[in-house]
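Single-letter residue listing:
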Amino acid sequence: MQNIYKKAFTILLTLGVTGLTQHCIAQTKASKADKLYSGFKTTPDSVQTSVYWYWISGNISKEGVVKDLESMKKVGINRAFIGNIGLDEVPYGKVKMFSAEWWDIMHTALKTATKLKIDIGIFNGPGWSQSGGPWVKPEQSMRYLTSSALTVKGPLSLDKKLDQPQKQFQDVKVIAFPAPAGYGEQMASSFISALPVDAHVNNLTDDNENTVYTIPNDPKPSVTIDAASPYPARSFVFYPAHKALRFEGEIQARNAAGNYQTIKHFVVDRSNPNLNVGFSPYAPAAVSVPTTTSQSFRIVFSNGSQGSDIAELKISASPYVENYAEKTLAKMYPTPLPYWKEYQWKPQPVVDDQQYVIDPQKVIDISKYMQADGTLKWEVPAGNWIIMRTGMTPTQVTNAPAPPEGRGLEIDKMSKKHIAEHFDAFLGQILKRIPAADRKSFKVTVEDSYETGSQNWTDDMLKNFKAKYGYDALPYLPVLNGSVVGSQDQSDRFLWDLRRFVADRVAYDYVGGLREASHKHGLTTWLENYGHWGFPGEFLQYGGQSDEIGGEFWSEGDLGNIENRAASSSAHIYGKTRVSAESFTCAGGSFTRYPAMMKQRGDRFFTEGINNTLLHVFISQPADNRVPGANAWFSNEFNRNNTWFYDMDLFLAYIKRCNYMLRQGNYVADVAYFIGEDAPKMTGVRDPELPQGYSFDYINAEVLNGRAKVISGKLVLPGGMSYKLLVLPKLATMRPELLKTITKLVNDGLTVLGPKPKRSPSLQNYATADLEIKKMASALWDNIDSVSVKTHQYGKGLVINGMDLQQALDLLKVAPDCKFNTVGQALFIHRKLSNGDMYFVSNQTAQNIDISAAFRVRGKAPELWDATTGSSRNLPDYKQEAGITTVPLKLDAYQSAFIIFRKAANASAGKLDNFPAQQIVVDVNTPWAVTFDPKRWGPANPVTFDKLIDWTLRPEDEIKYY
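Here's what I pulled together on the structure shown here. It should be emphasised that the depicted structure is a prediction, and the values quoted were computed from it without experimental measurement.

**Section: unusual backbone geometry**
The amide bond that connects L195 to the next residue, P196, takes the cis arrangement and shows omega of -5°. In this structure, P196 sits in the loop between β6 (189-195) and β7 (213-214). The amide bond that connects D687 to the next residue, P688, takes the cis arrangement and shows omega of 10°. Mapped onto the secondary structure, P688 falls in the loop between β22 (671-674) and β23 (696-699). A positive phi angle, close to 50°, is found at S57, a residue other than glycine. Tracing the sequence through the fold places S57 in the loop between β1 (49-56) and α4 (62-75). The class of S57 is buried, set by a relative accessible area of 0%. Even without being glycine, F98 reaches a positive phi, approximately 75°. Within the element layout of this structure, F98 appears in the loop between β2 (77-85) and α5 (100-116).

**Examining the sheet that holds strand β25 (residues 714-716)**
An order of β24-β25-β26 is seen for the 3 strands of this open sheet, with the pairing classed as antiparallel. The sheet terminates laterally at β24 (709-711) and β26 (722-723), the two strands that pair on one side only.

**Remarks on the packing of helix α7 (residues 416-425) against helix α10 (residues 488-519)**
Look at α7 against α10: their axes get within 9 Å of each other, and the N-to-C directions meet at 45°. With respect to each other, α7 and α10 are oriented oblique. Where α7 crosses over α10, the two elements pack in a sense that is right-handed. On α10, the residues that touch K416, I419 and F423 of α7 are Y508, D509, Y510, G513, L514, E516, A517 and S518. Taken together, the residues of the contact of α7 with α10 sort by class into 6 nonpolar, 2 polar and 3 charged.

**Some details on the packing of α4 against α5**
Put simply, α4 and α5 touch, their axes get as near as 9 Å, and they point 25° apart. Viewed along their axes, α4 and α5 adopt a mutual orientation that is roughly parallel. The two elements α4 and α5 cross, and the hand of that crossing is right-handed. Residue-level contacts link K62, V65, V66, L69, E70 and K73 of α4 to D104, I105, T108, A109, T112, A113 and L116 of α5. Taken together, the residues of the contact of α4 with α5 break down into 7 nonpolar, 2 polar and 4 charged.

**Observations concerning the nonpolar core**
Residues W53, W55, I430, F494, M648, I699 and F898 are the most contacted members of the largest nonpolar core, which totals 182 residues. If you tally residues by element for this core, the top one is α10, at 10 residues. Those residues within four positions of I430 in sequence are excluded, and the remaining contacts are W103, M106, L110, I122, R439 and F442. Judged by nonpolar contacts, the second largest core, of 31 residues, contains I192, Y213, F236 and I299.

**Let's talk about the environment of Y333**
Structurally, the position occupied by Y333 is in the loop between α6 (324-327) and β13 (364-365). Note: C-alpha distance between Y333 and A317 (16 residues apart in sequence) is 29 Å. Once residues within four sequence positions are removed from consideration, Y333 is found in contact with V277, P338, E342 and Y343.

**Observations concerning the packing of aromatic side chains**
Any two aromatic rings considered together are summarised by their centre-to-centre distance and by the angle between their planes. The tally for this structure, following the rule as stated, stands at 62 aromatic pairs. Measuring from ring centre to ring centre gives 6.5 Å for Y450 and Y542, while their planes differ by 85°; the resulting arrangement is edge-to-face. Within this pair, whereas Y450 is found in the loop between β15 (442-447) and α9 (461-469), its partner Y542 is found in helix α11 (residues 539-544), the two being separated by 92 residues in sequence. Each member of the pair Y450 and Y542 is classed as buried. Note on F553 and F605: the rings are 4.7 Å apart at their centroids and 25° apart in plane angle, and the pair reads as stacked. Of this pair, F553 sits in strand β17 (residues 548-554) while F605 sits in helix α13 (residues 595-606), and the two are 52 residues apart along the sequence. F605 matches F553 in its accessibility class, with the two residues each being buried. Here the aromatic cluster, defined as three or more aromatic residues joined through ring pairs, consists of Y52, Y54, F81, F123, W128, W526, W633 and F634.

**Let's talk about the layout of surface pockets**
Volume-wise, the second largest pocket comes out at about 1500 Å³. Contributing to the lining of the second largest pocket are 44 residues, with N323, Y343, Q344, W345 and K346 lying nearest its centre. Those elements that place two or more of their residues in the lining of the second largest pocket are β10 (260-270), β11 (285-302), α6 and α10. Class assignment for the residues of the lining of the second largest pocket results in 18 nonpolar, 10 polar and 16 charged.

Conventions adopted
Residues numbered from 1 in each chain as written. Predicted model: local features only at pLDDT ≥ 70, side-chain atom pairs only at ≥ 80, totals over all residues. Heavy atoms only, no water. Helix = DSSP H or I, 4+ residues; strand = E, 2+ residues; numbered from the N terminus. Buried < 20%, exposed > 50% of the residue type's maximum accessible area, 1.4 Å probe, protein only. Pairing = 2+ DSSP bridges. Axes fitted to C-alpha atoms, helices over the stretch in contact; angles between N-to-C directions. Parallel < 35°, antiparallel > 145°, perpendicular 65-115°, else oblique. Left-handed = near helix turned anticlockwise from the far one by under 90°. Contact = heavy atoms within 4.5 Å. Nonpolar A, V, L, I, M, F, W, Y, C, P; charged D, E, K, R; others polar. Core = buried A, V, L, I, M, F, W, Y, C linked by side-chain atoms within 4.5 Å. Phe/Tyr/Trp six-rings, centres within 6.5 Å; stacked < 30°, edge-to-face > 60°. 1 Å grid on protein atoms, 1.4 Å probe; cavity = no way out; pocket = protein on both sides within 12 Å on 5 of 7 lines; lining within 4 Å. Points joined across faces, edges and corners; volume = space filled by probe spheres on them.

So this is what it looks like as structure tokens:
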């Protein structure tokens, strides 16, 4: 049965080629002589089709892994990434991870792959996310800063054991500071009421977090809290119950006229309590307001808040850092797709009275006075003092989903030392135990998408933080608990530096550290440069530290919308040729999908820069006596038990040809969108939006500062990428170092579109940084007001603001690179060859389309290369005018084609049809016999067909459901 499709497909291809003109046939023969076409026709082994090879819940065997690898080889899969996965919903087999049998199977797999010349990658830890195991000790794990506090009044000879805030705890510093006014105090309620009436509303102010007020099922429920006398409120802190919830509303204050006026809208989102989106699942939610004096405050809930439980509400004259839980990474974005705007916050109200904030100059280090058992012996000066014992504790996040024998704490992502220890404990053991001759196939250390949440502290943090930013973080440690140090602005800037420090360290110490450990053993790294759950990094920088970068897309849904641009942009700006994607992932609907359903999505993401396909997923099949065998809630089922698996070589041949072609030359993009310097960051923003017909990359500060230069008005990078326009996001912040770089680039001839920055986001050089920004920005933007004046010439370059992107590109005389005469039907990607240009064009619709494509190419004649067949032909009908070559194209439903420009244009263009009518060469009108596989429940004897028919319409169950 497996050859029936191939024979039929071959007949159709033969008929199609026979129907072409002799001109097209000659073109095909002539093309075979050149290297590009030769690689297209028969892709070299260097074009690898990879697959995730999951060993699930101990359901593996020596015989099974051998047959798995042999089946991969047959269809053209030549790289497999082994993931040791533990799913509690899949019954566990007899092979326990790290048992003698498991080691024997791993040895067999690597030895067999070596024989078959299949490269092997192994996930760097059990499970697919992320990097941990039972060997990770608490002091090696991901940790965050926590503290206990003690209030004392001096002068006093203190001799007291300080509370240890967590059982697993490593002291960092003991600090002390004069207590600011109102520290720890809250407004006393003289009366509290609710609408609808609810006696439990008193639970909000009973200082007991075990009692709750439940927001009722009412259109606009409200809570009113009255004070005995007018009270100056600066903060409202909500303490959510320990359950998943989300609520929002307005904070109102009663004015002198007796009316309630809204002073702040707020949102409290604790809808996802999993540790991988925050080590403090039910953290208090702080809302900062301008100082508002009133005797009555009201909370009006809205937008689906009903049913949420609130344990406490504290109104205070003391200011709090708004959203401090989110800003310290204790709570992270709760869903899989944090877009560009997440982790950005508006400036907070200025505290009108400095006696309510902590003076950073008066925070002192008293660590030397604490003994090993936590006893503090200190002469307390006069006044009220706050003593904080700070230290690290594990986030308690474990690697997942891993078999029980492979589960443990996640390794510290901000320490190369600990990363190397993790490598040695797992992959290092594979290298040690299995003879080198038998593991030549083991080539890659694999890091899947990040799903582990963040940490905000590590060993030697204070020392390294000061070395990076030039100031001591110690006075600002209270900010991690929400206290305001210096000012709201200084506190926010410190937390900005903290998040940026974490992002940098995760990139350099985790990704870079794993790369260094891998290189020592002759391995390379493969990484998905984003994370759906608690990603703390900056996606471009994070990917830039890996040897290979991968994106991801699912067979349906939103996953893929941002991940593949994340991968391709990172690869392009860091000079990496191959851009992978975990491809065709899906959930549910087991064995309901097939390659024809996958092509459209695959082609879509080829146009976003993917050129190195990795299939998801091949689940190892331990035995042949059960069909369809081992499976999971996720798929697709790219394994040898799937009915179409051995017919997949035609699909993979198409993918390999596309991968091969899309690695040739350099990607062409006119626009580089700067993503900003904030962290975490998982994607960029296109604002203003890119017009039809152009391409782009995202770019970061690290690349602009260290890799970019201007040549002939273009932003040029070492890997060969170049851009005609740099677009800045609508942000008010930028660090001086970057603005200096942009100033130089513009002076050298670059054009920049975007608003003028107003200040630095960082506390670094706080006294002078904003002045530097204002001075440089005034020179660069000059008198641009975005209304009457929209441009300013600076040196050889130009600054623009107040235009959309099409207007800016028109000003620069940059024509669309590839523009279709219809919208929403086709996509493209362009790569510049050494001797021409190559465009990949994809029909993304289920209908045949007839379009006119205008390519930014002059003096070259177009050819059409078909990756489904490996054939090529001339496109004789085209016209050229003003540097644009317009080509009529006809594409069948979901069809794609490479349009190649290498040969010189000729005067006879337009005299022949690009898509001549095909002629019937022979009618197939005699019956034929089809042999089914009875082992797969097909008919035992051959069945005669006299016409093509949908098998599901046949009366025989053996054929209908085959």
